[in-house]
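# Observations on the three-dimensional arrangement
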Amino acid sequence: MSWLVPLPVILPMLGAGLTLALYGRPRMQKAVSVTTLSAVLAVSATMLVIVSSGPLVAEVGDWPAPIGIVLVVDRLSALMLTVSATVTLCVLLYSQAQGDDKESAPVSIYHPTYLILTAGVSNAFISGDLFNIYVAFEVLLAASYVLLTLGGTRERIRAGSVYVVVAITSSLLFLIAIAAAYAATGTLNLAQMAGRLQEIDPGVRLVIAMLLMLAFGLKAAVFPLSFWLPDSYPTAPAAVTAVFAGLLTKVGVYAMIRTRALLFPDSGGLDDVLMWMALATMIVGILGAVAQDNIKRLLSFTLVSHIGYMVFGIALATSEAWGAAIYYVVHHITVQTALFLVTGLVERYGGSTSLTRLGGLAKAVPLVGILFFIPAMNLAGIPPFSGFVGKLGLIQAGALVGTPIAYVLIGGSVVTSLLTLYAMVKAWNKAFWQPAPRPLPARKVPAGMVMPAVALVVVSLGLTVAAGPLYEYTTRAAHDLAERDQYITAVFPDGVPDDGATDVARPAPASGPDLGQGVRP
Amino acid sequence: MMDTTPNLTLVVVIAVLTAGGVYLLLERSLSRIVLGIILLGNAVNLMILVAGGAAGSPPIVGLSDRPMSDPLAQAMILTAIVITLGLTAFLLAMSYRSWQLNRHDEVQDDVEDRRIARLAAQDHPSVSGADTDENMDLDSEAAETHDETDEGTEGRKEVRP
């Protein structure tokens, strides 16, 4: 079934080409995009079931493993693919219903760009090669630059310039890490690097690990690399912000957990640094959220803050913690996207997202009120929602590790959860509960916008209902991550190519004369 | 064992390009940032070239008895060059758009910074007037305010619409 593996990348790419050819025919474009993303969702869901009997590996262009690029789907990748496909499909339907709203109306290039973004995200999740991950990042980032600056208004150009420069800087850092890793190991195939990195000097390994974490941390918006996010996300159209908030930072988190587990099983002290960064991310992020009086900005800060939970889980570096972190990623993607979509509904109805202007929405549009309330409470971690399950899992994993710093982090995460509740209740009270200071424009909210938001909220509730099986699944995914062997054997069924004799990352070592391509120390 | 000693000239060039790139990246004007990114991108490309080991004969099997160069490093550089080219074009377009809209291409202040400056001004009346204006909306204040590192911005205020 390995022919399924490249489909989540190929289908959106083909769809992007097709929608570009259909320039100026919005209905056809919409049909193509929706079909494509539904197909991606179906493929991802199929793989979610299949991978329980072992990872799927596809060799691109039929080049055998270390020479060509491999695409690997294990439990973690399949889960991330499925969630991202669900979210992108919902957001696409939502953005299509926005209709004649000038500020956020999708233009003709919206569809191709959006599909390219999906392709890049999928590629990042399934790639088994470090350089290919870089290319995937560039694909999704290039699409995100276009989406963020759609229309080229003054405000978006301002936000876009910060975003683009920061993203390019992080990509350059990633490239430096790749150069260092290649110089040290002579390969960029993740499975092969996993073995070779253990043989090199620990100091060099730490440098590579730090460079990679720096690059991914910048993408994932980990404090102190997070300041670009609340400044750039809120200005984009609601649908774009929703998909960015849900997926783009999580791609960084995914890359962190993948490299941490596969390449650096012994972190060499990096975990302690990550712990403190996680704590600072949580606390600083949520304090920023408390101070905001605009829902979009407030949500951007909670996004930063809750990245801290995932980094906390990664840094604990036990199988339980990773399981909880993966569950938290799934929960957070759905909930954060749902909240941004609902904020878009609020903006549509009330003409603003400023808490000082809004009011009385719970009475005026009760459905939107419910749609906001459920994910807001979910985000704050009120039982029985999935946010509670995820946080509980992380806290348990922290207590199992039991080091002093783990307990500090547990305290920090509880405080953050409480402050999230405060920020959310503040938003709820001001926008939904208390009467509006001035009458709101009360524009009609199209049903086509409400339905995708409802769907995502239902999915987030489904994460609670299905918490048992899902948590078991993420625990197994984390177990696979910690084991490492399964991934490596899947890529190299005949054993990892022997280092000294055949350095197969290099060209045809057996057939040529002395190529002088030994493995480096 | 191949020769893994890096070429000193390349290392020096990488260092100079990186230093220049980082300096330009920290500037306020987008066009200088673009130049900085180009320099940094080239530095990283050279770094990958160094990572590929010493130069050798063309990587075609059977062409020569000498050790061959590592083609993978060059393939990666090619990819990186293409990506940097695309992003540079996008950044240039963005700085041109910024110039169209604002008659300058400077990255403006973070709105959050302005908010904090305003809060500080509210707490201490003596600070107000110096850096923040109550009557101005926060976004336009962020657009108007520049730090004093760039002398050239002073005269440009009149040109702005």
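Definitions and cut-offs
Residues numbered from 1 in each chain as written. Chains lettered and ligands numbered in written order. Predicted model: local features only at pLDDT ≥ 70, side-chain atom pairs only at ≥ 80, totals over all residues. Heavy atoms only, no water. Helix = DSSP H or I, 4+ residues; strand = E, 2+ residues; numbered from the N terminus. Rg over C-alpha atoms; globule rule 2.2 N^0.38 Å. Buried < 20%, exposed > 50% of the residue type's maximum accessible area, 1.4 Å probe, protein only. Contact = heavy atoms within 4.5 Å. Areas by Shrake-Rupley, 256 points an atom, 1.4 Å probe, with all protein chains shown as cover. Expected span 1.5 Å × (residues − 1). Polar contact = N/O pair within 3.5 Å; in protein donor to acceptor, adjacent residues only side chain to side chain. pLDDT = per-residue confidence, 0-100. Phe/Tyr/Trp six-rings, centres within 6.5 Å; stacked < 30°, edge-to-face > 60°. Lys NZ or Arg CZ within 6 Å of the ring centre and 35° of its normal.

### Considering the overall build of chain A
Along its length, chain A carries 20 helices and two strands. For chain A, whose C-alpha radius of gyration is 23 Å, the value lies close to the compact-globule estimate of 24 Å for 521 residues. Principal axes of the C-alpha set define a box for chain A whose edges measure 80 × 60 × 40 Å. Taken over 521 residues, chain A has a buried fraction of 65%.

### Topic: the overall build of chain B
The helix and strand tally for chain B stands at five helices and zero strands. In chain B, which comprises 161 residues, the share counted as buried stands at 40%. For chain B, long-range pairs separated by at least 24 residues make up 53% of all intrachain contacts whose partners lie at least 6 apart in sequence. As presented, chain B carries roughly 9000 Å² of accessible surface, and 62% of it is formed by carbon and sulfur atoms.

### Regarding helix α5 (residues 130-148) of chain A
Residues and elements named next belong to chain A. With 19 residues, α5 should reach 27 Å at 1.5 Å per residue; the first-to-last C-alpha distance of 26 Å fits that figure. Judged by how many residues are buried, α5 sits mostly within the fold: 15 of 19 residues are covered. The N-terminus of α5 is capped by Asp129, whose side-chain oxygen sits 3.0 Å from the backbone nitrogen of Phe131.

### Description of the confidence of the model for chain A
In the predicted model, chain A carries a mean pLDDT of 87, and the fraction of residues at 70 or more is 94%. Per-residue pLDDT stays below 50 along residues 500-521 of chain A; that stretch engages in 59 contacts with residues further than four places along the chain or on separate chains.

### Examining the packing of aromatic side chains
Summed over all chains, the structure comprises 22 aromatic pairs over all chains. Measuring from centroid to centroid gives 4.9 Å for Phe372 of chain A and Phe432 of chain A, while their planes differ by 25 degrees, and the two rings are stacked. Of the two residues, Phe372 of chain A is situated in helix α15 (residues 366-380) and Phe432 of chain A in helix α17 (residues 404-433); the sequence distance between them amounts to 60 residues. Accessibility classification places Phe372 of chain A together with Phe432 of chain A in one group, the buried group. Cluster of aromatic residues (ring-pair linked, three or more members): Tyr145, Tyr163, Trp228, Tyr233 and Phe244 of chain A together with Phe90 of chain B. A cation over a ring is seen here: Lys391 of chain A above Tyr309 of chain A, with NZ or CZ 5.1 Å from the ring centre.

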